[in-house]
Amino acid sequence: MKKDKRTRQKELKETIESTPFITDEDLAKKFGVSIQTIRLDRMELSIPELRERIKSVARNEWNETVKALPIEEVIGEIIDLELDQRAISILDIDREHVFSRNDIARGHHLFAQGNSLAVAVINDELALTAKAEIRFTRQVTKGERVVAKASVTGVDEKGRTVVEVNSFVDNEKVFSGIFEMFRSNQQRGQE
C-alpha cells in the first residue's frame, strides 16, 4: 500500500537527514515511487540533490581540517577524514569523466581522486606527491560511484609519508595506489 504524499515526504526528509548520501534511485526503491516523484518531493521540501548535500557536508565538516589544499580542489567529495590517519571520498562518474564512445571512465580521474585524497589526509600546509605506484583493476563506467579510502601506513626511509589508497565500486576494487608524500614539516629518518 502506497503512502500518502504528506507521510512519504515526512519519511523522505527523515531518511535524508539520517542518511545524507542516499541516492534518488535508492529513495525511489525504498518508497516504491519513481525517481521523478522523489525529485519533485525534494524540490517541494527544499532538499538539495545528492551532489549538493555531499558538498555541504564536506564544506561544513572538512573545510577547517584539510590543510594541504583547498577543499574544492579535492577530486571527489570527502566524507570522512582523520588527518595523518585515514580519509574517504566519493566520486560519481558522470559524462565529463568518461570517453564518449564507450562511457568508460578516463583513468586520470580515478588517479586524481586517489592522489588528491592522499594529499588531503596529510596534516601539513604543504604536501606533494613524490612517487606513486598505481594499478587499475577494472573499468569504471558512467553512473557508477567510486569510493576511495586512504590510509597513512607509515614513513619511508626518506622520511616521506606513505599513503595507501584503494578505490571501490560496490565493494569491488577498481583502483589501488601507494603514494609517497613529501611534506614541508618532514623530518629525515624519523617517524
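The structure under discussion appears in the preceding block.
Calculation criteria
- Residues numbered from 1 in each chain as written.
- Predicted model: local features only at pLDDT ≥ 70, side-chain atom pairs only at ≥ 80, totals over all residues.
- Heavy atoms only, no water.
- Pairing = 2+ DSSP bridges.
- Helix = DSSP H or I, 4+ residues; strand = E, 2+ residues; numbered from the N terminus.
- Axes fitted to C-alpha atoms, helices over the stretch in contact; angles between N-to-C directions.
- Parallel < 35°, antiparallel > 145°, perpendicular 65-115°, else oblique.
- Contact = heavy atoms within 4.5 Å.
- Nonpolar A, V, L, I, M, F, W, Y, C, P; charged D, E, K, R; others polar.
- Core = buried A, V, L, I, M, F, W, Y, C linked by side-chain atoms within 4.5 Å.
- Buried < 20%, exposed > 50% of the residue type's maximum accessible area, 1.4 Å probe, protein only.
- Phe/Tyr/Trp six-rings, centres within 6.5 Å; stacked < 30°, edge-to-face > 60°.
- Lys NZ or Arg CZ within 6 Å of the ring centre and 35° of its normal.
- Polar contact = N/O pair within 3.5 Å; in protein donor to acceptor, adjacent residues only side chain to side chain.
- Salt bridge = Lys/Arg side-chain N within 4 Å of Asp/Glu carboxyl O.

Student: Sorry, what's going on with the sheet that holds strand β6 (residues 172–183) here?
Tutor: For sheets, the rule is that strands pair by backbone hydrogen bonds, running either parallel or antiparallel. What the six strands build is an open sheet, ordered β1-β2-β4-β5-β6-β3; its pairing is antiparallel. Edge positions in the sheet fall to β1 (77–82) and β3 (127–136), since each has one partner strand and no second. Taking each pair of neighbouring strands and ignoring which way they run, the sheet shows an average axis angle of 20°.

Student: Before we go on, may I ask you to explain the packing of helix α2 (residues 24–31) against helix α3 (residues 35–44) in this structure?
Tutor: The relative placement of two packed helices is expressed as an angle between their axes plus a distance between the axes. Packing of α2 against α3 leaves a shortest axis separation of 8 Å and a crossing angle of 105°. For the element pair α2 / α3, the angle class is roughly perpendicular. Residues Asp24, Glu25, Leu27, Ala28 and Phe31 of α2 pack against Ile35, Ile38, Arg39 and Arg42 of α3. Here the residues of the contact of α2 with α3 sort into five nonpolar, no polar and four charged.

Student: What's the story with the nonpolar core in this structure? I'm lost.
Tutor: The nonpolar side chains of soluble globular proteins are, as a tendency, buried together. In this structure, Ile93, Val140, Val146, Val163, Val165, Phe179 and Met181 are the most contacted members of the largest nonpolar core, which totals 29 residues. Within the residue set of this core, elements represented by two or more residues are β1, β2 (86–92), α5 (107–120), β4 (145–155), β5 (161–169) and β6. Of all the elements, α5 adds the most residues to this core, at five residues. Setting aside chain neighbours within four positions, we find Val146 in contact with Ser89, Ile90, Leu91, Ile93, Leu110, Gln113, Val140, Ser167, Phe168, Val169 and Val174. Among the nonpolar cores identified, the runner-up in size contains nine residues, and Ile22, Ala28, Ile38 and Ile47 belong to it.

Student: Got a minute to help me understand the packing of aromatic side chains in this structure?
Tutor: Here the distance between the centres and the angle between the planes together describe a pair of aromatic rings. Summed over the entire model, instances satisfying the criterion amount to two aromatic pairs. Seen from their ring centres, Phe111 and Phe179 are 5.9 Å apart, and the 40° between their planes marks the pair as tilted. Taken together, the residues Phe111 in helix α5 and Phe179 in strand β6 connect sequence positions 68 residues apart. Note that Arg101 overlies the ring of Phe99, its terminal NZ or CZ placed 5.7 Å from the centroid. Of note, Arg106 hangs over the ring of Phe99, and the distance from its end group to the ring centre comes to 5.2 Å.

Student: For this particular structure, what's the right way to read the environment of Ser184?
Tutor: Looking at where Ser184 falls in the secondary structure, it is placed in the segment after β6. Here the alpha-carbon distance between Ser184 and Glu125, two residues 59 residues apart in the chain, equals 7.2 Å. The contacts of Ser184, once residues within four sequence positions are left out, are Asp124 and Leu126. For Ser184, the side chain forms a polar contact with the side chain of Asp124, separated by 2.7 Å.

Student: What am I meant to see in the pattern of salt bridges here?
Tutor: When charged atoms on two side chains of opposite charge get close, those side chains can pair. Counting across every chain of the model gives 15 salt bridges. For Asp24, the salt bridge identified is with Arg42, shortest N-O distance 3.0 Å. Of this pair, Asp24 sits in helix α2 while Arg42 sits in helix α3, and the two are 18 residues apart along the sequence. Residues Asp24 and Arg42 agree in their burial class; the two are buried. As a salt-bridge pair, Glu82 and Arg86 come within 3.3 Å of each other at their nearest N and O atoms. Among the residues examined, Arg86 registers a relative accessible area of 35% and is labelled partly exposed. Three or more residues are tied together by salt bridges with common partners; here these are Asp24, Arg39 and Arg42.

Student: Looking at this model, I keep getting lost on the pairing of β2. Mind explaining?
Tutor: The side chains of a regular strand alternate, first on one face of the sheet and then on the other. Bridge analysis of β1 against β2 gives five bridges, and the strand direction is antiparallel. Looking across to β2, one finds that Asp80 is bridged to Ile88. What sits between the antiparallel neighbours β1 and β2 is a turn of three residues, in which Asp84 has the positive phi angle 60°. Here β2 runs beside β4; their pairing, made up of seven bridges, is antiparallel. Note on β4: the bridge partner recorded for Ser89 is Ala148.

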